[in-house]
Amino acid sequence: MYRELRKLARNHLILTATRRLALRLQQNLPDFSESAVQAAPPIDALQDWLVKGWESLLVSGHTQDKLLSPLQEQGVWISLVKESPESQNLIKPYHTAKMMMQTWKLLKQWRLDIDEIDWSRNEEGNLYAHFAKKFQEKLKSHFFTQAELIDKLMQHLTSFIGYLSDHYPDKKMALVGFDDIPPQLNHFLEGLKEQGWE
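The paragraphs below set out a description of the structure included in this document. (Residues numbered from 1 in each chain as written. Predicted model: local features only at pLDDT ≥ 70, side-chain atom pairs only at ≥ 80, totals over all residues. Heavy atoms only, no water.)

1. Re a nonpolar patch on the surface
Right, so step 1: Judged by side-chain polarity, L106, W110 and L112 come together as a nonpolar surface patch covering roughly 300 Å² of accessible area.
Right, so step 2: Relative to the elements of secondary structure, L112 occurs in the loop between α5 (93-109) and α6 (123-139). (Patch = residues over 30% accessible without salt bridge, like charges linked within 9 Å, V, L, I, M, F, W, Y side chains within 5 Å. Areas by Shrake-Rupley, 256 points an atom, 1.4 Å probe, with all protein chains shown as cover. Salt bridge = Lys/Arg side-chain N within 4 Å of Asp/Glu carboxyl O. Helix = DSSP H or I, 4+ residues; strand = E, 2+ residues; numbered from the N terminus.)

As structure tokens, this is what we get:
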């Protein structure tokens, strides 16, 4: 694996599924920084790389929308659950809020619209749909979650491509350590491909 990655590292941005894998690759690939010709290969966890890209758009004035940290997002879910009369009978409201946050992430990754799903089949589904709509309403004014970051970057793709071109002129990337590519990420990668990325 490292031999193939060493070849890719010469002219590819390497994005990993996890921070741990990114760190491991950074430690195990040879240090190109000692060479006068080649800089160290860009290796980053996908989510960290996306956040850096969003922050560059925010700083450059291309957007005013604020990305919530996972802790901030969890706080919003917890407050919704604790304030709601529907959750009075819940034994573990914090656990429920965490599960709702994970469900939100999966819905976004698989590009499923809350309004198009029949939640009425069971009480838990109805309750989730109720909280998800409240969550959307609460964030409506210029806030969004980590799960929506790829969608936000797609809305600003032209500006994001400008950022990428400044930092990664070879326009090549490799994904490492992914078991599958959810539709949301696949849509994003297709958008990059249409802009000349490999």
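2. Quick word on the pattern of salt bridges
Right, so step 1: Evaluated as defined, the whole model comprises seven salt bridges.
Right, so step 2: Among the salt bridges present, the one from D48 reaches R19, with a minimum N-O distance of 2.8 Å. Of this pair, D48 sits in helix α3 (residues 46-59) while R19 sits in helix α2 (residues 19-28), and the two are 29 residues apart along the sequence.
Right, so step 3: Classification of R19 as exposed rests on a relative accessible area of 60%.
Right, so step 4: The salt bridge involving D115 is made with K133; its shortest N-O contact spans 3.4 Å. (Buried < 20%, exposed > 50% of the residue type's maximum accessible area, 1.4 Å probe, protein only.)

3. Some details on the packing of aromatic side chains
Right, so step 1: Following the criterion strictly, the structure yields eleven aromatic pairs and no others.
Right, so step 2: Ring centres of Y168 and W197 lie 6.5 Å apart, and the angle between their planes is 70°; on these two criteria the pair is classed as edge-to-face. Of the two residues, Y168 sits in the loop between α8 (157-167) and β5 (173-176) while W197 sits in the segment after α9 (183-194), which places them 29 residues apart along the sequence.
Right, so step 3: W197 gets classed as buried once you look at its relative accessible area, which sits at 4%.
Right, so step 4: Taken together, W49, F160, Y163, Y168, F188 and W197 form an aromatic cluster joined through their ring pairs. (Phe/Tyr/Trp six-rings, centres within 6.5 Å; stacked < 30°, edge-to-face > 60°.)

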